[in-house]
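Spelled out, the chains give:
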Amino acid sequence: MDNEKKYLSLGKKIAYGSGDFGSNFFYMLVSSFVLIYMTNTIGMNPGIVGTLIMVSKLLDGITDVFFGSLIDKTRSSMGKARPWMFFSGFPLALCMIMIFAVPTSLGDTAKYAWFFIFYTCANALFYTANNIAYATMSALITRNESERVSLGSFRYIFAMLASIIVSSSAVAIANALGGGVAGWRAMAIVFAVIYLIFNSVASLVCKEIPDIAVEKGKETEKESFWLLLKTVVTNRYYLLLLGLYLFLYINTSLGTSIGVFYFQYIMGDPGLLGTVSAASLFMIIGFVLNPMLVKKYGMYKVNLISFIASTIVSVVLLFFVYTANLGAIIVLSVLKAITLAFLMGSLNALVACVSQNSYLKTGLHTEGMMFSCSSIGVKVGGGLGAALSGWLLSAVGFVGTAEVQTVAVNNMIKFIYGGIPLILTIAMTLILAAMNVEKDNNRLEERNEKKAV
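The structure reproduced in this document is the subject of the present report.

Rules used in this analysis
Residues numbered from 1 in each chain as written. Predicted model: local features only at pLDDT ≥ 70, side-chain atom pairs only at ≥ 80, totals over all residues. Heavy atoms only, no water. Helix = DSSP H or I, 4+ residues; strand = E, 2+ residues; numbered from the N terminus. Buried < 20%, exposed > 50% of the residue type's maximum accessible area, 1.4 Å probe, protein only. Contact = heavy atoms within 4.5 Å. Salt bridge = Lys/Arg side-chain N within 4 Å of Asp/Glu carboxyl O. Patch = residues over 30% accessible without salt bridge, like charges linked within 9 Å, V, L, I, M, F, W, Y side chains within 5 Å. Areas by Shrake-Rupley, 256 points an atom, 1.4 Å probe, with all protein chains shown as cover. Expected span 1.5 Å × (residues − 1). Bend = angle between axes of the 7 residues up to and from the residue.

Observations concerning the environment of Ile 330
Part 1: For Ile 330, the location among the structural elements is in helix H13 (residues 326-362).
Part 2: Classification of Ile 330 by relative accessible area gives partly exposed; the value is 26%.
Part 3: Taking the C-alpha atoms as reference, Ile 330 lies 10.0 Å from Ser 280; in sequence the two are 50 residues apart.
Part 4: When sequence neighbours within four positions are dropped, the list of residues in contact with Ile 330 reads Thr 275, Val 276 and Ala 279.

Below, the structure written as structure tokens:
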């Protein structure tokens, strides 16, 4: 009955999705533009910046499981996840501004330190709390699996729209607001305000179901952090899911962080990133079809088949990335967006299935920790993508102040933009082939029912 009952109105689904609209004004700005800002505007070495990002992300990954545990143990008048999402938004907005406000009067070492401190605080503390809470809310505001799949679609439609807006307008807005350091700082302030508004709307409108929050709070508050951690990391589906998230967001980060470089140095116009990013609008086709196909065939078959198709598209896309054929890149990006939409639209429901798998095996509710895999994947994966871009560019002699790059640099940019994503897509397809958690849950439920008789 719980799986059939409707808990969410259209307005609440929209409000939930708008949270990712705001979130991506932070995530896309930092993942797409921090490397080019630090190299071309501040004049820093891309290899050093990439290393700082990577160190920060390692710290970030450690904090994910702690915040997941804290959310699992939280009991408040606002629920378990909502207070973390709402209150973390304010310091995150401030850190977002400070990342793009590196004082030019500082020496190089101090500039690196400034960037590292605020980048780490933003990601390892405030975005961690915010993103895990946001993901966990999808399991706490409804019991209906179809609604959870629907929430995933709303979430990623809004995320996609924000990504297009940020990728196509950030440089133009920074230039319009004065350019240089001052322009980037002013643009970051505008985006921080937008983020804060939508984060607040989502966390205040989407209320948790009281009996779910209170019941799970009582069950988990007495359990130790280490027991909850052991329960999660010994679940094979969690480890597969973690790998899936990491590869997915390394892939996404490469497309955004190196995309600016590709269209600036290969195509001659960084604004084209927004044009290609607009291809993600066609993900709506996948989002619309996803609930119907998942209901008929299950998440396992839909996700696996769609990623096999995505792998084929990525092979063809690689050729046109090397030949710099803009029209073909746009068409193939549209096809890849459609194939990717099925997984993106069902990710939250997939995490909820893995969480259910853990409960069926252990009797412990670990939703907060289980959803930490999404936060680890988003941030560590995004950091790895940006760091990898910086390391590889530095290795072939990229110079941020140079208007024209060497042939070796241009070839590396092409490989990062087209070659590495193909490798990652193949890896994700293999993970999805082993990710039949729905079948395992059905088996466990039948086993538990027999034990209860």
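Continuing now.
Remarks on the pattern of salt bridges
Part 1: As enumerated under the stated definition, the model contains three salt bridges in all.
Part 2: A salt bridge links Lys 361 to Asp 440; the shortest N-O distance between them is 3.8 Å. Of this pair, Lys 361 sits in helix H13 while Asp 440 sits in helix H16 (residues 437-452), and the two are 79 residues apart along the sequence.
Part 3: Since its relative accessible area comes to 39%, Lys 361 is described here as partly exposed.
Part 4: What makes Asp 440 buried here is its relative accessible area of 10%.
Part 5: Residue Arg 443 pairs with Asp 440 through a salt bridge whose shortest N-O separation is 2.5 Å.

Quick look at a nonpolar patch on the surface
Part 1: Together, Leu 161, Leu 281, Phe 282, Ile 284, Ile 285, Val 288, Leu 289 and Met 292 make up a nonpolar patch on the protein surface, roughly 660 Å² of accessible area in all.
Part 2: It is helix H11 (residues 283-297) that provides the largest number of residues to the nonpolar patch, a total of five residues.
Part 3: With respect to the element layout, Leu 281 can be found in the loop between helix H10 (272-277) and H11.

Side note on the side chain of Thr 311
Part 1: Among the structural elements, Thr 311 can be located in helix H12 (residues 299-322).
Part 2: Beyond its immediate chain neighbours, meaning those up to four positions away, Thr 311 contacts Leu 422, Thr 425, Ile 426 and Thr 429.

As for H11
Part 1: The end-to-end C-alpha distance of H11, which contains 15 residues, comes to 20 Å, matching closely the 21 Å that a straight helix rising 1.5 Å per residue would cover.
Part 2: Of all the bends found along H11, the most pronounced is centred on Asn 290 and spans about 40°, while Pro 291, a proline, follows it within four residues.
Part 3: For H11, the set of buried residues is Met 283, Gly 286, Phe 287, Asn 290 and Val 294.

Function cannot be read off these values alone, since they describe shape.
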